[in-house]
Amino acid sequence: MNAGITRVAVVGGGQMGAGIAEVCARAGLDTVVCEVDAVAARAARDRIAGSLDRAMRRGKLSREAADDAHARLGFTGDLADRQVVIEAVIENPDAKTEVFAALDKIVEDPAAVLATNTSSLPIMRLGMATSRADRVVGLHFFNPVPVLPLIEVVTSLHTSAETTALVEDFATRALSKTVIRSQDRAGFVVNALLVPYLLSAVRMAESGFATAADIDAGMELGCAHPMGPLKLADLIGLDTVASIAESLYDEFREPLYAPPPLLMRMVEAGLLGRKTGRGAHIYDQG
């Protein structure tokens, strides 16, 4: 089934979109990255080039394979002929809905799959912005995409069994990822479990119970977690964590999902974690 998928697009070339595009290109797919302007497209190209260079330095990728991946990437081009389009724009319902409404008009093949990398937003809402809700599905990758092996496949009430089978085959065979399945509920599987843990760590720091460094060291050295919760929140992006928390709280109305005031103040201040150089911790941006 997957053998017919050769043309993919990724809408949004930020941290997640660039990683998804890299994985697709490394899998031998003709991959177009769609960005809002030339400046953003150059930034996406640089992100992918940097990631490929790191993989080569670590011995995970040969020069030939990196060159092949570069050759399969395009940063301008028509999306009309794409067979799979993966949306990876900002975690904002209005922005994502607008993208899906536009893709519905641009992508010509009625059998093409329109997928979203949303962390928590309803797949149904995005599908209903199109005339092909049966071909809309969640493909939730994890950061860093070239390293982490998981994809959550999330289906709405309209997603067809054919679409589900197609994307699962695409994820496992073409992209060599492991698939878990989730119903269309906020947070899906991973974030519904992970985000309350991250929020609990923020509340602990906010209350003065322990420092950010001690909270992270406690979970890394006491529970053998590879990364403490506040470091992980910084890696994800505090704005993304807050957005997921708000989606979870809106759906379930459980206090454990409510974003703490400190988290919201940091987002308002632009202290978003690694990508801005400061969040729960301070990072070298050099």
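Residues numbered from 1 in each chain as written. Predicted model: local features only at pLDDT ≥ 70, side-chain atom pairs only at ≥ 80, totals over all residues. Heavy atoms only, no water.

**Some remarks on a positive patch on the surface**
For step 1, the next point in the chain: A grouping of R54, R57, R58 and K60 is seen on the molecular surface, where their side chains present a positively charged patch.
For step 2, the next point in the chain: By secondary structure assignment, the location of R57 is in helix α2 (residues 38-57).
For step 3, the next point in the chain: What makes R57 exposed here is its relative accessible area of 65%. (Patch = residues over 30% accessible without salt bridge, like charges linked within 9 Å, V, L, I, M, F, W, Y side chains within 5 Å. Areas by Shrake-Rupley, 256 points an atom, 1.4 Å probe, with all protein chains shown as cover. Salt bridge = Lys/Arg side-chain N within 4 Å of Asp/Glu carboxyl O. Lys, Arg positive; Asp, Glu negative; His and termini not counted. Charge placed at Lys NZ, Arg CZ, Asp CG, Glu CD. Helix = DSSP H or I, 4+ residues; strand = E, 2+ residues; numbered from the N terminus. Buried < 20%, exposed > 50% of the residue type's maximum accessible area, 1.4 Å probe, protein only.)

**A closer look at the nonpolar core**
Note on soluble globular proteins: their nonpolar side chains tend to be buried together.
For step 1, the next point in the chain: F141 and L175 are the most contacted members of the largest nonpolar core, which has 41 residues in total.
For step 2, the next point in the chain: Examining the composition of this core, we find that 7 residues originate from one element, helix α1 (residues 15-26), more than from any other.
For step 3, the next point in the chain: In this structure, A192, V195, A233 and L248 belong to the second largest nonpolar core, which totals 22 residues. (Core = buried A, V, L, I, M, F, W, Y, C linked by side-chain atoms within 4.5 Å.)

**Details of the sheet that holds strand β3 (residues 73-74)**
For step 1, the next point in the chain: Spatially, β3-β2-β1-β4-β5-β6-β7-β8 is the arrangement adopted by the 8 strands of the open sheet, whose pairing is mixed. Looking along the sheet, the strands with just one partner apiece sit at the ends: β3 and β8 (178-183).
For step 2, the next point in the chain: Relative to strand β7 (residues 150-155), strand β6 (residues 136-141) is paired through 4 bridges, and the arrangement is antiparallel. Each residue of the ladder has a partner; that of L139, found in β7, is V153. (Pairing = 2+ DSSP bridges.)

**Considerations on α1**
Residues spaced three or four apart along an α-helix point in a common direction, a consequence of the helix completing one turn every 3.6 residues.
For step 1, the next point in the chain: Over its 12 residues, α1 extends 17 Å from the first C-alpha to the last, a length consistent with the 16 Å expected when each residue adds 1.5 Å.
For step 2, the next point in the chain: Across the 12 residues that make up α1, a large majority, 10, are buried.
For step 3, the next point in the chain: For α1, the set of buried residues is M16, G17, A18, G19, I20, A21, E22, V23, C24 and A25.
For step 4, the next point in the chain: Positive phi appears at G28, one or two residues downstream of α1, with a value of about 90°. (Expected span 1.5 Å × (residues − 1).)

**Points about unusual backbone geometry**
For step 1, the next point in the chain: In this chain, N143 is followed by P144 through a cis amide linkage whose omega measures 0°.
For step 2, the next point in the chain: Locating P144 in the fold gives a position in the loop between β6 and β7.
For step 3, the next point in the chain: The backbone of S176 shows a phi angle near 55°, a positive value even though the residue is not glycine.
For step 4, the next point in the chain: Among the structural elements, S176 can be located in the loop between α6 (161-174) and β8.
For step 5, the next point in the chain: A relative accessible area of 59% places S176 in the exposed class.
For step 6, the next point in the chain: Here F188, not a glycine, exhibits a phi torsion of approximately 55°, which is positive.
For step 7, the next point in the chain: Structurally, F188 is set in the loop between β8 and α7 (190-207).

Treat this as a map of the structure, not an account of what it does.
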